[in-house]
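# Results of the structural survey
Take a look at the letters that make up each chain.
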Amino acid sequence: MKFYIRISLLILLLGNGSNQIMYAQNGERSGFKDYFPISERPFLAAGSGDNPYETILLEAQPVVYYSIYNDIRDALNRDTIVKGDAVYLSIQPHLRIYDENSKPVKTPSYKAFIGWQSIIKTQQNNFLTAAIESGHYSNGQSKSAFSSEFEDNSPESTLLYNNINDDTDLAELLNRSSGNFSTNLTRLSLNYRINTFDSNNYPSKSHSLTVAYQLYHNRFLGMFQFGGYNPEDIEIYGRHQIEAEYEFTDHFKGMRYSLGQKILLHPDVHPSADIYRSETSAILYPWDKDLGIMARFSFGYDDYNYRFVDSYSRISIGLTWDFFTPFVVKPITEQKVPN
């Protein structure tokens, strides 16, 4: 178990490749770093609150972004309105260590995306960003979701779904050790960030609003016939997810902090599962850099692959990383978009 803890911590703090070297607050480069206005924050956390079937000791989400092309920071440092773009690969594993002797990391989640996002600075020096990401989401298991005896998609496994109806408690039936979860997906996101700058053109305060729509589909990138979902499973976990997130960022005695609220809805899931999830978070960045201390309270459905059939409240405390640290931004001096 100590091995998994050390590996998770190492990946979280060091595993983001060239993205981890920071800029100084005065805007001068201290190394190379890419910025992603719409991104999933990595974290390593422990907490309290579990479903009735498992006890979580530690969880980590060591998100990695690898840029193919990224000129977002350069675009925001023009004194005219210039669009910035990023094309990238993102690997987003989600790992949990349970209070069990044999398999401390059990049915982990894996997401892999190819993405593009585009940002533009408005005439009021606010940021508008759109993103599209498409890829794969699975847990790397091969057995039936509701039996550890049968292979997924086998005739015996398919017969099990005939006994599932609207009154079935799927959390009680779930194969938590080896049950397969697999689908391809595409996400569309839109973010608007209202900025307040200090006398040095550094963003001292911001309000960030993000909305996203996620679609589960069978073909990888909408074209290739692999990595898709089990036909019986998609009827249970549905095809749609809608998200809305608000985050307020400010400074106090030289330290940056963020307060956030995120709501997720998947309206077409099985009736035994909740359709909502809520995450309330607070993050303190003691050195006004990328590394922060996180506290989060969540309730509603679980966000760990097939564990969406579970519903419970949890308080988590740990470390996180910011992929869009504030930096000095040139204000708009020309009120016209150049040709």
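Structural notes, computed from the coordinates.

Criteria and cut-off values
Residues numbered from 1 in each chain as written. Predicted model: local features only at pLDDT ≥ 70, side-chain atom pairs only at ≥ 80, totals over all residues. Heavy atoms only, no water. 1 Å grid on protein atoms, 1.4 Å probe; cavity = no way out; pocket = protein on both sides within 12 Å on 5 of 7 lines; lining within 4 Å. Points joined across faces, edges and corners; volume = space filled by probe spheres on them. Helix = DSSP H or I, 4+ residues; strand = E, 2+ residues; numbered from the N terminus. Phe/Tyr/Trp six-rings, centres within 6.5 Å; stacked < 30°, edge-to-face > 60°. Buried < 20%, exposed > 50% of the residue type's maximum accessible area, 1.4 Å probe, protein only. Lys NZ or Arg CZ within 6 Å of the ring centre and 35° of its normal. Salt bridge = Lys/Arg side-chain N within 4 Å of Asp/Glu carboxyl O. Lys, Arg positive; Asp, Glu negative; His and termini not counted. Polar contact = N/O pair within 3.5 Å; in protein donor to acceptor, adjacent residues only side chain to side chain. Contact = heavy atoms within 4.5 Å.

## Considerations on empty space enclosed by the protein
Overall, the coordinates contain 5 cavities of 30 Å³ or more when judged by the stated rule. Computed from the structure, the second largest cavity encloses a volume of approximately 80 Å³. Among the secondary structure elements, those contributing two or more residues to the lining of the second largest cavity are strand E15 (291–300) and strand E16 (314–321). At 3 residues, E15 tops the list of elements feeding residues into the lining of the second largest cavity.

## Quick notes on the packing of aromatic side chains
Tallying each qualifying case throughout the model produces 23 aromatic pairs. Taking 4.9 Å as the distance between ring centres and 65 degrees as the angle between the ring planes, the aromatic pair formed by Tyr 137 and Phe 181 counts as edge-to-face. With a gap of 44 residues between them, Tyr 137 in strand E7 (residues 127–138) and Phe 181 in the loop between helix H4 (170–173) and strand E10 (182–197) connect regions that are remote in the sequence. Per residue, the accessibility class of Tyr 137 equals that of Phe 181, and both read buried. Look at Tyr 237 and Tyr 306: their rings are 5.7 Å apart centre to centre, the planes differ by 80 degrees, and that puts the pair in the edge-to-face class. In this pair, Tyr 237 sits in helix H5 (residues 231–237) while Tyr 306 sits in the loop between E15 and E16, placing the two residues 69 residues apart along the sequence. Taking the relative accessible area as the measure of exposure, Tyr 237 reaches 2% and is therefore buried. Three or more aromatic residues link up through ring pairs in this structure, and these residues are Tyr 137, Phe 146, Tyr 161, Phe 181, Tyr 216, Tyr 237, Tyr 306 and Phe 308. Cation over ring: Arg 296 sits above Phe 43, and NZ or CZ is 5.1 Å from the ring centre.

## Re the pattern of salt bridges
Scanning the model with the defined rule gives 22 salt bridges in all. Overlapping salt bridges bring together Asp 50, Glu 59, Arg 96, Arg 277, Glu 279, Arg 296, Asp 302, Asp 303 and Arg 314 as one network.

## Digging into the side chain of Asp 233
Following the sequence through the fold, Asp 233 ends up in helix H5. Here Asp 233 sits buried without a salt bridge, and the closest side chain of opposite charge, Arg 307, lies 12 Å off (N-O distance). Within the local environment of Asp 233, its side chain forms a polar contact with the side chain of Tyr 161, the two groups lying 2.4 Å apart. Here Asp 233 is in contact with Ala 145, Phe 146, Asp 152, Tyr 161, Asn 180 and Tyr 306, once residues within four sequence places are set aside.

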